[in-house]
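Structural overview
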Amino acid sequence: MSFWRRLGSALAQPWRYAALAAGVLPVLAFPAPSLGWLAWVVLVPGLLLMRAAPSAREAAVRAWWFGAGFIMAAHYWLVPNIGPALLLVAIVLGALWAGVGVSTWALLRPPMTVGRSLAALVVVPSYWLLVEWIRSWQALGGPWALLGASQWQHPAMLALASVGGVWLVSFALVAANTGIVILVTAPRAALRAVGAVVAVAATGAGPLAFALTPEVHPAGQVTVALVQPGYQAHPSPLGTASQRLTARLGPRHPDLIVWGESSIGEDLRFHHALLDQLRRLSATAGAPILVNQDSITPAGKSKVAVLVDRGGIVATYTKTRLVPFGEYIPFRQQLGWLTRISKAAPSNMIPGDGARVMTATLPGGRPLKLGVLICFEAAFPDMSRADTRHGAQLIVYQTSDSTFQGSWAPAQHAALSAVRAAETGRPVVQAALTGVTAAFDAQGRQLAWLGTAQRGVALVRLDLVPTTHFTLFDHIGDTVPWAAIAISIVAALIGLNRTRGSQRLIGIMVNGNRRPVSSVSISEAVDRDRMPGARVTGHGVRDIRAGDPVHRVEEKP
């Protein structure tokens, strides 16, 4: 069969299009729809399609289509930046879901057993986590739209993130969906009970962890002003909207003022007039100001957070994790053509050298340790965890999101701060140039939200936890995904071993008794092979006794 015939055959499969549509559905659990409850059931249609596949290969293909649908729907807002490359990204990353499809088919297809059903409740979520872990690599797009992040509005569910990070929330969601599949497809009441119990247990794990989490007494409070001025196509280096909004704070006197990404248009190391203006503004407001600049060097452009107080520049942090295609093009030599048909980065930005904690001096001389990160870095659990381990009392994100106004991207982005707060046990704030600006307490509960249509300052008071307090996730890090990877490898080895064992058994059955025979009639063969003691027991019927059992052969008339 030619390539085009094979392609046509592959595209003429209605169940695959159903799997593609099923992959789109989980995106409804994320912002902007924010139907977080849907995540507990929304994988069921896709898993049922994989389970019903006629073969392991077809299950893998349906899972591939499912994954491609999910990637395209979750990242649709990237089309202006990367154009048709989004389809290529979806096809490549969608293939990662093949393990989910094969494991679902292998463990849940008829005949269902208790052992295989129990294995599915661990193996299928593990393969899902393997997918999330792989696509969390920065070069593959980063950990955007991890399933666990869909629970950002539910602090009780996010309590699992304080135990095992967003990974454990994802595991619980997939386990609940797998349990529902068992509940609706199992032929016996005992199996249906297994599915129901696991679905209920997975759903209740978060609230249970939330109830068992001991209360942490605040070690102090801090008032933060988050400035959202709106997008300016050509910002003035000296008279920015962020400066005007800050100057209007008047008697409210926050302890810290945070501006969004690219909030100033010049490099403060060289623009002394602007730096002097910011110093005076900080002195007038009585608080340090965290600004953000596009720094131009001979090596290229970088995004830099700069902490300024009345004395000048206190500390800086250069963005380390860059946005694929937006701030750099992976494999630019091969994919550079995208700049001609989309808004992909015309040149690669220069990344920083890792997370860094700043120390701000608040009014009254109080020190405050800040874990400062920029934009896309809100998606990475390891970066906020690293800042927390280095003593950060408050996690601060600066972002712009001006490119994605009118899409679901800004809300998806801001929602990640709630997950990072629950993981680290630290309050988290995000200041955006154009929205969404948001603040969350140490358990991920929302305290402030300025949408993309709003302009102004969000003033929020946050409880600080002791620097000695760490969540279990702060201690164990990415243990959950590594355990899932180990489970996936073991499951794959067991499956391969059983497959090869079955092939050897079939080979023995088919090939083991082969011997050349002449072309003779049945009666001739019986006469030739008659054994001593054989007797005729009727007209044309012979019993050939070769011990037990007795074989009966009828002759042709």
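Scroll up to find the structure this text is about.
A brief report on the enclosed structure follows. (Residues numbered from 1 in each chain as written. Predicted model: local features only at pLDDT ≥ 70, side-chain atom pairs only at ≥ 80, totals over all residues. Heavy atoms only, no water.)

Observations concerning the overall build of the protein chain
In plain terms, the rule: Each helix is a run of DSSP H or I of at least 4 residues and each strand a run of E of at least 2, with the numbering of both proceeding from the N terminus. Buried, partly exposed and exposed residues are distinguished by accessible area as a fraction of the type maximum, computed with a 1.4 Å probe on protein chains only: under 20%, between the cut-offs, and over 50%, respectively. Should any heavy atoms of two residues lie within 4.5 Å, those residues are considered in contact.
When its secondary structure is counted, the protein chain shows 18 helices and 15 strands. Burial analysis of the protein chain (557 residues in total) assigns 51% to the buried set. Here the contacts in the protein chain between residues at least 6 apart in sequence split such that 68% fall between residues at least 24 apart.

A closer look at the pattern of salt bridges
Our working definition: Take a side-chain nitrogen of Lys or Arg and a carboxyl oxygen of Asp or Glu: if they are within 4 Å of each other, that pair is a salt bridge.
Here the structure, examined in full by the defined rule, presents 12 salt bridges. The partner of Asp294 in a salt bridge is Lys301, with the nearest N and O atoms 3.9 Å apart. Lys301 sits in the partly exposed class, given a relative accessible area of 34%. Each of Glu261, Asp294, Lys301 and Lys303 takes part in a single network of salt bridges with overlapping partners.

Notes on the packing of aromatic side chains
Counted only if it meets this: Whether two aromatic rings pair depends on their centres lying within 6.5 Å, for rings of Phe, Tyr and Trp, where Trp uses its six-membered ring; planes under 30 degrees apart make the pair stacked, over 60 edge-to-face, and the rest tilted. Here, a charge over a ring means that NZ of Lys or CZ of Arg falls within 6 Å of the ring centre while also lying within 35 degrees of the ring normal.
A full pass over the atoms with the stated rule returns 13 aromatic pairs. Ring centres 5.6 Å apart and planes at 65° place the aromatic pair Trp133 and Trp167 in the edge-to-face group. Of this pair, Trp133 sits in helix 8 (residues 114-135) while Trp167 is found in helix 9 (residues 155-185), placing the two residues 34 residues apart along the sequence. Owing to a relative accessible area of 2%, Trp167 belongs among the buried residues under this scheme. Judged by centre distance (5.2 Å) and plane angle (90°), the rings of Phe376 and Phe380 are edge-to-face. With a relative accessible area of 4%, Phe380 lands in the buried category. The structure contains a cluster of three or more aromatic residues connected by ring pairs, namely Phe30, Phe66, Phe70, Trp97 and Trp128. Geometry around Phe380 places Arg321 over its ring, the cationic atom sitting 4.5 Å from the centre. Sitting over the ring of Phe470, Arg389 keeps its end group 5.3 Å from the ring centre.

A few points about the packing of helix 2 (residues 14-24) against helix 4 (residues 56-74)
Inclusion rule: For helices, the fitted line uses only the C-alpha atoms of the stretch in contact; every axis is such a line through C-alpha atoms, and the angle between N-to-C directions lies from 0 to 180 degrees. Roughly parallel covers angles under 35 degrees, roughly antiparallel covers those over 145, roughly perpendicular covers 65 to 115, and oblique covers all other angles. In this scheme, a crossing is called left-handed if the near helix is turned counterclockwise away from the far one by less than a right angle; it is called right-handed if the turn is clockwise. Under the scheme applied, nonpolar residues are Ala, Val, Leu, Ile, Met, Phe, Trp, Tyr, Cys and Pro; charged residues are Asp, Glu, Lys and Arg; polar residues are all the others, including Gly.
Between helix 2 and helix 4, whose axes approach to 7 Å, the crossing angle comes to 40°. Comparing the axis directions of helix 2 and helix 4 gives the class oblique. Two packed elements cross with a definite hand, and for helix 2 against helix 4 that hand is right-handed. On the side of helix 2, the interface is formed by Trp15, Arg16, Tyr17, Ala19, Leu20, Ala22, Gly23 and Val24, while helix 4 contributes Arg57, Glu58, Val61, Arg62, Trp65, Phe66, Ala68, Gly69, Phe70, Met72 and Ala73. Taken together, the residues of the contact of helix 2 with helix 4 break down into 13 nonpolar, 2 polar and 4 charged.

Considering the sheet that holds strand 6 (residues 357-361)
The cut-off we apply is this: Two strands qualify as a pair provided that DSSP identifies no fewer than 2 bridges between them.
In spatial order, the strands read 6-7-8-9-10-11; together these 6 strands make up an open sheet with mixed pairing. Two strands close off the open sheet at either side, each with one partner strand: strand 6 and strand 11 (446-450). Here the strands of the sheet are splayed against their neighbours by 20° on average, with no regard to which way each runs. Where strand 9 (residues 428-432) meets strand 10 (residues 437-440), 3 bridges bridge the pair, whose relative direction is antiparallel. Its bridge partner lying in strand 10, Val428 is registered against Phe440. Sitting on the sheet, helix 14 (residues 381-389) is in contact with strand 6, strand 7 (367-374) and strand 8 (394-399), with an inclination near 165° to strand 7. Lying over the sheet, helix 15 (residues 409-424) contacts strand 8, strand 9, strand 10 and strand 11, oriented at roughly 160° with respect to strand 9.

Things to note about the pairing of strand 3 (residues 289-297)
Two elements, strand 2 (residues 256-258) and strand 3, share 2 bridges in a ladder whose sense is parallel. When the sheet's bridge partners are listed, Ile257 is paired in strand 3 with Ile289. Here strand 3 pairs with strand 4 (residues 300-309) via 9 bridges, running antiparallel. Among the inter-strand pairings, Ser295 is bridged to a residue of strand 4, identified as Ser302.

Details of unusual backbone geometry
With an omega of 10°, the peptide bond between Pro31 and Ala32 qualifies as cis. Among the structural elements, Ala32 can be located in the loop between helix 2 and helix 3 (44-51). The amide bond that connects Pro110 to the next residue, Pro111, takes the cis arrangement and shows omega of -5°. Within the secondary structure, Pro111 sits in the loop between helix 7 (98-108) and helix 8. Of note, Ser34 is a non-glycine position whose phi angle comes to about 55°, a positive value.

A word on the packing of helix 9 against helix 10 (residues 189-212)
It is the contact of helix 9 with helix 10, at a shortest axis distance of 8 Å, that shows an interaxial angle of 165°. Judged by the angle between their axes, helix 9 and helix 10 are roughly antiparallel. As helix 9 runs across helix 10, the sense of the crossing is left-handed. Across the contact of helix 9 with helix 10, the residue classes tally to 20 nonpolar, 4 polar and 1 charged.

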